[in-house]
Amino acid sequence: MNPVTSVSKEQLRAAAIEVLRLNDLGTMTSAAPNLYPHMWSWDAAFVAIGLARTSVPRAVTELRTLLNAQWSTGMIPHIVFSDNDTGYFPGFDRWGTANAAALPAGVKSSGICQPPVHAIALRHIVDRGRENGGADQAAAEEFLAESFDGWLAWHRWLATVRDPDGVGLIEIHHGWESGFDNSPRWDGPYARVVPGAVAPFTRRDTLHVADISERPDDAEYTKYLWLVQQMADVAFDDDAVRQVVDFRVRDVFFSAIMAASSAVLADLGDEIGRDKEAGELRLMAARFQAGVASTVDPATGLARDYDVLAGQSIGTETVSGFAPLVSGGDPALLAAQRELLQGPRWMGFPDLRFPLPPSTSPASDAFRPRTYWRGPVWPFLNLLLGWAAARDGEPGLYGRLRSASLQQLADLQFGEYYEPFTGEPLGSLAQAWTAAAALEWMG
Ligand code: 2M8
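Just so we're clear, the structure is a prediction, and the values are computed from it rather than from any experiment. (Residues numbered from 1 in each chain as written. Predicted model: local features only at pLDDT ≥ 70, side-chain atom pairs only at ≥ 80, totals over all residues. Heavy atoms only, no water.)

*Asks:* Explain the nonpolar core to me, please; I cannot follow it from the model alone.
*Replies:* Grouped burial of nonpolar side chains is what soluble globular proteins tend to show. Counting residues in each nonpolar core, the largest one holds 147 residues, and the members touching the most others are Phe46, Ile125 and Trp151. With twelve residues, helix α11 (residues 252-271) is the single largest residue contributor to this core. (Core = buried A, V, L, I, M, F, W, Y, C linked by side-chain atoms within 4.5 Å. Buried < 20%, exposed > 50% of the residue type's maximum accessible area, 1.4 Å probe, protein only. Helix = DSSP H or I, 4+ residues; strand = E, 2+ residues; numbered from the N terminus.)

*Asks:* Any chance you could explain helix α5 (residues 118-132) here in plain terms?
*Replies:* Helical geometry note: an α-helix holds 3.6 residues per turn, so side chains three or four residues apart project in the same direction. In this model, α5 (15 residues) spans 21 Å end to end at C-alpha, consistent with the 21 Å of a helix rising 1.5 Å per residue. With eleven of 15 residues buried, α5 lies mostly within the body of the structure. Of all the positions in α5, only His118, Ala119, Ile120, Ala121, Leu122, Arg123, His124, Ile125, Val126, Arg128 and Gly129 are classed as buried. Check the buried side of α5 and you find it contacts α2 (41-51), α3 (56-68), α6 (134-161), α11, α15 (379-391) and α17 (432-442). At the C-terminal side of α5, glycine 133 shows a positive phi close to 70 degrees. (Expected span 1.5 Å × (residues − 1). Contact = heavy atoms within 4.5 Å.)

*Asks:* Sorry if this is basic, but what is going on with the site of the ligand here?
*Replies:* In the neighbourhood of the ligand, 17 residues make up the surrounding shell, with Asp43, Tyr88, Gly179, Asp181 and Tyr372 lying closest. Contact distances for the ligand include 3.0 Å between an oxygen atom and a side-chain N or O atom of glutamine 114. At 2.8 Å from an oxygen atom of the ligand is found a side-chain nitrogen or oxygen belonging to aspartate 181. In this structure the site holding the ligand corresponds to the largest cavity. In terms of residue class, the shell around the ligand is made up of ten nonpolar, four polar and three charged. (Near = heavy atom within 4 Å. Polar contact = N/O pair within 3.5 Å; in protein donor to acceptor, adjacent residues only side chain to side chain. 1 Å grid on protein atoms, 1.4 Å probe; cavity = no way out; pocket = protein on both sides within 12 Å on 5 of 7 lines; lining within 4 Å. Sits in = over half its atoms within 2 Å of the grid points. Nonpolar A, V, L, I, M, F, W, Y, C, P; charged D, E, K, R; others polar.)

*Asks:* What is the right way to look at unusual backbone geometry in this model?
*Replies:* With an omega dihedral of 0 degrees, the bond running from phenylalanine 89 to proline 90 counts as a cis peptide bond. Among the structural elements, proline 90 can be located in the loop between β2 (79-80) and α4 (92-95). Of note, alanine 235 is a non-glycine position whose phi angle comes to about 55 degrees, a positive value. Examined against the element boundaries, alanine 235 turns out to sit in the loop between α9 (218-233) and α10 (238-244).

*Asks:* Whenever I open this one, the environment of alanine 293 confuses me. Can you help?
*Replies:* Assignment of secondary structure puts alanine 293 in helix α12 (residues 275-293). For alanine 293, a relative accessible area of 33% corresponds to the partly exposed category. Sequence spacing of alanine 293 and glycine 329 is 36 residues, and the spatial spacing of their C-alpha atoms is 8.1 Å.

*Asks:* Sorry if this is basic, but what is going on with the sheet that holds strand β4 (residues 249-251) here?
*Replies:* Strand pairing in a sheet takes place through backbone hydrogen bonds and is either antiparallel or parallel in direction. One open sheet holds the four strands; their spatial order is β3-β4-β5-β6, and the pairing between them is antiparallel. Single-partner strands in this sheet number two, and they are β3 (170-172) and β6 (312-314). Here the average twist between neighbouring strands, direction ignored, is 35 degrees. Across three bridges, the pairing between strand β5 (residues 305-307) and β6 is antiparallel. Its bridge partner being in β6, tyrosine 306 is matched across the sheet by serine 313. (Pairing = 2+ DSSP bridges. Axes fitted to C-alpha atoms, helices over the stretch in contact; angles between N-to-C directions.)

This is how it looks when you write it as structure tokens:
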């Protein structure tokens, strides 16, 4: 057992700031010191939320760097590569994005995306700037005005290219796009991916974790690279990718973030006189909120992904089933979900080290307590759930998530993910978005 270390808020704050400082590459923050030596899209959003607590201008720089890598289509890529060419696989060369017409000149990025948490991060930056006043406020307001059209283009790209039929759900083409890489959510779709010839590769992630069985195995990586290869073969052209790729899933959690973020961006648009665009964003928010709600399984109360190629819903019991709590909406649905989340299959499961939702329910056969996205607790997700609870006027749930998270993070390790029963930090230590979550929880 990992005892709850008794540390003061000041110690936790200082340690979290130090982690962000160590990961600071100047104009971007590496997601983790060794395992992830580049900028990841949704990590950057959470990192900006944490940075806004210590330096509004540095938080602005983080999002500005990410937005500078935006493709001409509007897509924000999931990795913006730093100059570290050797630390991570697959790197820029293996991605093959140099041939993509939409990649901006001078940018090295991957060719897929991640959930759009960015407008929520921008909201935090603007709020911190206004609280602080002076130069911080000026920097935040200036960035809001300067970047609004970029975020709008990102949301429009998602709403059109990734939901062409207007069902209110975002289609993803790789498990990496969900951010829940090897979650049991994707076992069905990946079981149907039969890789052709994949160029030989040497992984690097396995060099940076204490126990490689926590990470996806080589067979899983072969499929991940096969999908990258399929996309590279058509130069990452949006329409062509949809035709050729072997993984097409409507991701309910991604869609929920799209709904929540679109609503936030609409408010920000109103604040700078962009009423027309705010109206467009509100329609997007409503569409994705309805799309998410439409997937809820009455038998389990959880929202479900949809495997487009197999034509079937995915019924695994993962934390993504709580997507409606992120998208917001129908009070009765949200009340039922809050009860489920705090009940015996999730936060109330017996003997959890801290009452926080594991990534897969421990009551499920698919649960693996130490394996990456198959069971461990992910601190940044709890921050997102807490943010949504505060938005929806639920101080009880917010307070429970906050207090358990602060106890969990008092180990000062800032683990990438945590073993639910022992509280052990796993994966990378000094993970940037975990440190950012600690800073934001402290306020
Ligand atoms: C993990 O994903 C990357 C691939 O994108 C990897 O395993 O190499 C996921 O946890 C993802 O959600 C996260 O954004 C990324 C960086 O922290 O690592």
